[in-house]
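Take a look at the letters that make up each chain.
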Amino acid sequence: MSFGNLKNKLIEKTENIFKNLPITAKVTLWYTSFIAIIMVLLLFLSFRATAMIVRTSDENHLIKKVTEKVFDPKSFESIEDGILYSVIESGQIIAGSYPKAFDGSTPISSGAVTSLNINGEEYLYYDVQIQSRPLSRWIRGVLPISRSRANMRSINWALILISPLMLAVISIGGYRIIKRAFQPVQKLSDTAHNIEVSKDFSQRLYVSDTKDEIHHMSLVLNDMLGSLEQSYNKEKQFSNDVSHELRTPVSVILSESEYGIRYLESVEEAKESFEVIHRQSLGMS
C-alpha cells in the first residue's frame, strides 16, 4: 500500500469518526482547537515581548547606573547591582572589575549599549567619557545578562508547562457548559421518542422560558405536532366512519351469498338475491 493511499484512508477514517461524534463533542473539539491555536500565538508573542522588555530594562538599568557613577565619582564601586564597573584610560583598564573576556582593547560603546557574546556568555556594556583628551578616560559598566536570560527561559518553560493544563481545564469546563446548554435539546429528543413509541400525538415538547433558538424551535415543532394530531384524528375518524358504513352492506352481501349458495333453486330467487347484492355493492361503491 502506497503512502498516498494510507494517508487518504486515515483521513477518511478520521472524518467518519468525527461525523459520528455527539454535537457537544464536536463543538468542544472545534473551540478547543481554536483556543489551542490562540494560546500558541500568545505564547510566541509573549516570548518575543518578554525578551524585548527584559533587554530594554537591562539596557536602561545599565545606562542609568553608569551615568550615576560619572556624576558621582565618590560612589564608585567595582561591583554594584550586578554591574561590573571599570575605568579605562588610553585603551587600558586602570581600575575596577571586569569579566576575563573584557580588556582595554574592547571597542568603546560610543554612547550606546553594546552587546557582546563571548564563549556562549552574553554581556551588555556601556561607556561614558569622564575626561577628554589628552588623557581620554571612560567609565565602563558591564552587565552579564546570562542570569536574566536564564530567569526568562524559566518563566517561558513554566508557561509552556502550564498551558496544556489550562487548555485541559478550559476544554473540560467548556464541555460541561455546552452539555448543559444542550439539555433542552435532549429533552426535545426524549419527548419526540416517547411520542413515536406511544403514538400519542397529544403530547407536546418542552418549551423553555428563554427566548432563544431552542425556544423558537420548540414552538415550531409543537405546531407541527398539533397539525399531525389533527391529521391523525381525522384519519382515525375516517377509518371509523368507513368501517361503520361498510359493516352493514358487507354483512348483507355475505348473508345473501350464503343463502344463495345453500337454498336458492329457481332463477327468480337467484335474481332477487343478486339484486340485493348489487344494491349493497353500489352503496359500498
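Refer to the structure above for everything that follows.
Residues numbered from 1 in each chain as written. Predicted model: local features only at pLDDT ≥ 70, side-chain atom pairs only at ≥ 80, totals over all residues. Heavy atoms only, no water.

## Digging into the packing of aromatic side chains
One pass over the full model with this rule turns up 0 aromatic pairs. When the ring centre of Y85 is taken as origin, the NZ or CZ atom of K69, which lies over that ring, is 5.1 Å away. (Phe/Tyr/Trp six-rings, centres within 6.5 Å; stacked < 30°, edge-to-face > 60°. Lys NZ or Arg CZ within 6 Å of the ring centre and 35° of its normal.)

## Description of the pattern of salt bridges
Scanning all chains against the criterion turns up 6 salt bridges. The closest approach of N and O atoms between K65 and E68, which form a salt bridge, is 3.9 Å. One end of the pair, K65, and the other, E68, are both in helix α2 (residues 23-71), 3 residues apart, so they sit about a helical turn from each other. Owing to a relative accessible area of 18%, K65 belongs among the buried residues under this scheme. Overlapping salt bridges, with partners in common, bring together R55, E59 and E122 in one network. (Salt bridge = Lys/Arg side-chain N within 4 Å of Asp/Glu carboxyl O. Helix = DSSP H or I, 4+ residues; strand = E, 2+ residues; numbered from the N terminus. Buried < 20%, exposed > 50% of the residue type's maximum accessible area, 1.4 Å probe, protein only.)

## Comments concerning the environment of Y175
Assignment of secondary structure puts Y175 in helix α3 (residues 146-181). For Y175, a relative accessible area of 33% translates into the label partly exposed. Counting along the chain gives 150 residues from Y175 to A25, while the straight-line C-alpha distance between them is 7.2 Å. The residues touching Y175, leaving out its near neighbours within four places in the chain, are T24, A25, T28 and Y31. (Contact = heavy atoms within 4.5 Å.)

## What about a nonpolar patch on the surface?
Where nonpolar side chains cluster on the molecular surface, the patch consists of F34, I38, L42, F44 and L45 and spans about 520 Å² of accessible area. By the secondary structure assignment, L42 is in helix α2. For L42, a relative accessible area of 52% gives the class exposed. (Patch = residues over 30% accessible without salt bridge, like charges linked within 9 Å, V, L, I, M, F, W, Y side chains within 5 Å. Areas by Shrake-Rupley, 256 points an atom, 1.4 Å probe, with all protein chains shown as cover.)

## With respect to the environment of V70
Looking at the element boundaries, V70 is found in helix α2. On the accessibility criterion, V70 (18% relative accessible area) is buried. The spatial distance from the C-alpha of V70 to the C-alpha of R140 is 9.8 Å, given a sequence separation of 70 residues. Discounting residues that sit within four places of it in the chain, V70 has contacts with V128, Q129, I130 and I139.

## Some thoughts on the side chain of R140
Inspection of the secondary structure assignment puts R140 in strand β6 (residues 137-144). Residue R140 is classed as buried on the basis of its relative accessible area of 1%. Of the polar contacts made by the side chain of R140, one reaches the side chain of D127; its length is 2.7 Å. (Polar contact = N/O pair within 3.5 Å; in protein donor to acceptor, adjacent residues only side chain to side chain.)

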